[in-house]
Amino acid sequence: MDGSSKLQRGRELEGYAFTFCKAAFLALLFGRYAVLVLSTAAVVLYLVAYAQGVREWRCWVKPPWVVIFFAGVAIAQAYLLFWSPLHLVL
């Protein structure tokens, strides 16, 4: 492996690390409400992006399934946090 391809691979891995860094920071910031807040934010931001004309999304789930998936996650988490007698947190 030459130096430039090694550096390119390192930058790719740093991009993944940065994604996890952002996720960990948001989880730390929102605590037990992280899944609810972040999934709701994903739904709202994807819907606004769609309304603005963006049709290609980088998420692992493609439209409209990403919105449906994260809306389901948000609803399930809200139920578990606020209405479930078990008070489980995803």
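Now for a description of the structure that goes with this document. Only a predicted model underlies this, so the values are computations on that prediction, with no experimental measurement involved. (Residues numbered from 1 in each chain as written. Predicted model: local features only at pLDDT ≥ 70, side-chain atom pairs only at ≥ 80, totals over all residues. Heavy atoms only, no water.)

Here we take up unusual backbone geometry. With an omega of -5 degrees, the peptide bond between Pro 63 and Pro 64 qualifies as cis. In this fold, Pro 64 is placed in the loop between α2 (34-51) and α3 (65-83). (Helix = DSSP H or I, 4+ residues; strand = E, 2+ residues; numbered from the N terminus.)

Once that is clear, we can look at the layout of surface pockets. In this model, the largest pocket occupies a volume close to 850 Å³. In terms of lining, the largest pocket is formed by 18 residues, of which the most central are Thr 19, Ala 42, Tyr 46, Cys 59 and Phe 70. If you list the elements that add at least two residues to the lining of the largest pocket, you get α1 (3-30), α2 and α3. Here the lining of the largest pocket gets eight residues from one element, more than from any other, and that element is α2. The residue makeup of the lining of the largest pocket, split by class, is 14 nonpolar, two polar and two charged. (1 Å grid on protein atoms, 1.4 Å probe; cavity = no way out; pocket = protein on both sides within 12 Å on 5 of 7 lines; lining within 4 Å. Points joined across faces, edges and corners; volume = space filled by probe spheres on them. Nonpolar A, V, L, I, M, F, W, Y, C, P; charged D, E, K, R; others polar.)

Our next topic: the packing of aromatic side chains. In this structure the tally under the stated criterion is six aromatic pairs. Plain terms: the ring middles of Tyr 33 and Phe 82 are 6.1 Å apart, the flat faces sit at 15 degrees to each other, and that makes the pair stacked. Pair noted here: Tyr 33 is in the loop between α1 and α2 and Phe 82 is in helix α3, with a separation of 49 residues, a long-range link. In this structure Tyr 33 comes out as partly exposed when scored by relative accessible area, which is 34%. Considering the side-chain rings of Phe 69 and Phe 70, the 5.0 Å spacing of their centres and the 75 degrees angle between planes classify their relative orientation as edge-to-face. Classification of Phe 69 as partly exposed rests on a relative accessible area of 37%. (Phe/Tyr/Trp six-rings, centres within 6.5 Å; stacked < 30°, edge-to-face > 60°. Buried < 20%, exposed > 50% of the residue type's maximum accessible area, 1.4 Å probe, protein only.)

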